[in-house]
Amino acid sequence: MAQITERRLETILKDYADSLGITDAQRENAERKYTAIGQWLDSGDFFKDYAPIIYPQGSFALGTVVRPGSGEEFDLDIIVQLTKGNILKSPKEIRQAVKDRIDENRGDNPCLGAEKTTWPMCYTLSFPKQFSMDVVPATYESADTINMLKLKYPNKEKLFDGIIKVVNGNDDWLASNPKGYIEWFDKISKESKYLNDVVLKNELEKLPAHQVRTPLQAIVQILKKHAMVMFSDDEQKDNKPSSIAITTLAALSYKKEPTVYQALKNFKTNALRILGDGLLLQNPTNPGEYFSDAWEHDEVKKQSLKLWLDNVDDFIRQLLELDEAATIEKIDELLSMFTDIPLLSDDIFSSKEGNGIIPLTRLLELHHIPNPFPASQNLYLLSRRYEPFQFLLL
């Protein structure tokens, strides 16, 4: 069988990314539901002076949703932003008011039938076999704060108009910029595919993200799917790089490559350059927020990020080994190879291993392979990759 051509591979990758997303019917159902919830909140006594608006953030707004397994709900993040009035209530009081309104036992309440969970930063509504909606209370940011950011970062001035304050876990407000992030990602995404077609590009800029299929959206979906598969074990799910971290790395790494495959092939190199030696990842639309906080003081998560980048690189190289008759099912088969790899846990690290040195004996145990080395030799795996092996005798 002939080896796959890049042209055929590009078609398969695009089709595969399309298969990962939600259907138009699922999107329309979610939009109807969150619109109805917004109207329900707006009609409540507590909110009548605050003019709340409701809008999506994250993958749903970016057009990069990846459906979970069969029968599971996809995630939908919703902002409930108070837009008017002198808001003197504490974040805790506003979060409680949202909860109380959602919990009202009335027949016209669109939240009836949902399973409800309270979290420090949001209120989750799970509609079985449909979607899980995180409702995040928010309010407007002060004009002084927004103007200060515009003066400090003049090249991003337009992005700061949408900065808001969301409830954090300490009963305080936390700066956030979901609209600015969507605008930032959308600009990169739409420029990528139609850079040389000015007329079409102008038309595309009028469309919402989910109505446009660009290489960057496909790249994000494939990378997120890879991470979901790699960290599917219950003990490893917490070590998976977050969706927002993957999305940000993908967008920052994207250099307007004309194809999904070429951009994926360059992803690891570009991502490591962006992260630098400190593995820092700043929110490009909210300078005070670092997505790398998730792994900065957690060695397991830090090494898991490196291991994920290595395995993405392996996955991309193996794509070219497919044959010309391959279909999107072959992508899933290839991804399944990354579910049985030795991931990291706290017990791997000691004072000697804190710099990323892994005991070889531990790696062999994870693979259930007998140790061929004398007990007196303490061999450590220096490379995060398994080919070639690099050893250190200590």
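Residues numbered from 1 in each chain as written. Predicted model: local features only at pLDDT ≥ 70, side-chain atom pairs only at ≥ 80, totals over all residues. Heavy atoms only, no water.

Draft legend 1. Representation of the overall build of the protein. For the protein, the count of helices and strands is 14 helices and ten strands. Going through the 394 residues of the protein one by one, you find that 48% of them count as buried. In the protein, the share of contacts with a sequence separation of at least 24, taken over all contacts with a separation of at least 6, comes to 65%. Approximately 20000 Å² of the protein is accessible, and the part contributed by carbon and sulfur atoms is 49%. (Helix = DSSP H or I, 4+ residues; strand = E, 2+ residues; numbered from the N terminus. Buried < 20%, exposed > 50% of the residue type's maximum accessible area, 1.4 Å probe, protein only. Contact = heavy atoms within 4.5 Å. Areas by Shrake-Rupley, 256 points an atom, 1.4 Å probe, with all protein chains shown as cover.)

Draft legend 2. Structural detail: the pattern of salt bridges. This structure, assessed with the given rule, holds twelve salt bridges. A salt bridge links Lys-116 to Asp-103, with the nearest nitrogen and oxygen atoms 3.7 Å apart. With Lys-116 in strand β3 (residues 115–118) and Asp-103 in helix α4 (residues 91–103), this pair connects stretches of sequence that are 13 residues apart. Judged by its relative accessible area of 31%, Lys-116 is partly exposed. (Salt bridge = Lys/Arg side-chain N within 4 Å of Asp/Glu carboxyl O.)

Draft legend 3. Seen up close, the nonpolar core. Counting residues in each nonpolar core, the largest one holds 56 residues, and the members touching the most others are Leu-13, Leu-223, Phe-267, Trp-308, Phe-315, Leu-319 and Ile-331. Taken together, the elements giving at least two residues each to this core come down to α1 (6–20), α3 (59–62), α6 (178–193), α8 (215–230), α9 (243–253), α10 (260–275), α12 (299–319) and α13 (328–336). Per-element accounting of this core gives the leading share, nine residues, to α8. The contacts of Ile-331, once residues within four sequence positions are left out, are Ile-12, Leu-13, Tyr-16, Phe-315, Leu-319 and Leu-322. Grouped together as the second largest cluster of nonpolar side chains are 30 residues, Phe-60, Val-80, Ala-97 and Ala-114 included. (Core = buried A, V, L, I, M, F, W, Y, C linked by side-chain atoms within 4.5 Å.)

Draft legend 4. Quick look at the packing of aromatic side chains. Within the structure shown, the criterion is met by eight aromatic pairs. Relative to Phe-131, the ring of Phe-127 has its centre 5.2 Å away and its plane inclined at 50°; by these criteria the two rings are tilted. Judged by relative accessible area, which is 3%, Phe-127 ranks as buried. Since its relative accessible area comes to 1%, Phe-131 is described here as buried. For the pair Phe-267 and Trp-308, a centre-to-centre distance of 5.9 Å together with 70° between the ring planes defines the contact as edge-to-face. With a gap of 41 residues between them, Phe-267 in helix α10 and Trp-308 in helix α12 connect regions that are remote in the sequence. (Phe/Tyr/Trp six-rings, centres within 6.5 Å; stacked < 30°, edge-to-face > 60°.)

Draft legend 5. Layout of the environment of Lys-48. Mapped onto the elements, Lys-48 comes out in the loop between α2 (24–42) and β1 (52–57). Lys-48 gets classed as exposed once you look at its relative accessible area, which sits at 59%. Between the C-alpha atoms of Lys-48 and Gly-85, which are 37 residues apart in sequence, the distance is 9.7 Å.

Draft legend 6. Highlighting unusual backbone geometry. Unlike most non-glycine residues, Lys-129 shows phi in positive territory, near 65°. Relative to the helices and strands, Lys-129 is located in the loop between β4 (123–127) and β5 (131–140). Positive phi outside glycine occurs at Leu-279, with the angle close to 55°. What makes Leu-279 buried here is its relative accessible area of 5%.

Draft legend 7. The packing of α1 against α13, seen in detail. Taken N-terminus to C-terminus, the directions of α1 and α13 make an angle of 80°; their axes are 9 Å apart at the nearest point. When the axis of α1 is compared with that of α13, the two are roughly perpendicular. On the side of α1, the interface is formed by Ile-12, Leu-13, Asp-15, Tyr-16 and Ser-19, while α13 contributes Ile-328, Ile-331, Asp-332 and Leu-335. (Axes fitted to C-alpha atoms, helices over the stretch in contact; angles between N-to-C directions. Parallel < 35°, antiparallel > 145°, perpendicular 65-115°, else oblique.)

Draft legend 8. Spotlight on the confidence of the model for the protein. Predicted confidence across the protein gives a mean pLDDT of 82, with 80% of residues reaching 70 or more. Within the protein, α9 carries the highest mean pLDDT (97), whereas strand β10 (residues 391–393) carries the lowest (39). Predicted confidence for residues 376–394 stays below pLDDT 50, and this span has 53 contacts to residues more than four positions away or in other chains. (pLDDT = per-residue confidence, 0-100.)

Draft legend 9. Structural detail: α12. Over its 21 residues, α12 runs 30 Å from end to end, which matches the ideal 30 Å to within 8%, given 1.5 Å per residue. Counted residue by residue, α12 has 16 buried out of 21 residues, so it is predominantly covered. In this structure Asp-298 caps α12, since a side-chain oxygen of it lies 3.1 Å from the backbone nitrogen of Val-300. (Expected span 1.5 Å × (residues − 1). Polar contact = N/O pair within 3.5 Å; in protein donor to acceptor, adjacent residues only side chain to side chain.)

Draft legend 10. Looking closely at the packing of α8 against α9. It is at 9 Å that the axes of α8 and α9 come closest, and there the two elements cross at 140°. Our classification of the angle between α8 and α9 gives oblique. In this structure, α8 crosses over α9, and the sense of that crossing is right-handed. Taken together, the residues of α9 that come into contact with α8 (itself represented by Leu-216, Ile-219, Val-220, Leu-223, Lys-224 and Ala-227) are Ser-243, Ile-246, Thr-247, Ala-250 and Ala-251. Considered class by class, the residues forming the contact of α8 with α9 number eight nonpolar, two polar and one charged. (Left-handed = near helix turned anticlockwise from the far one by under 90°. Nonpolar A, V, L, I, M, F, W, Y, C, P; charged D, E, K, R; others polar.)

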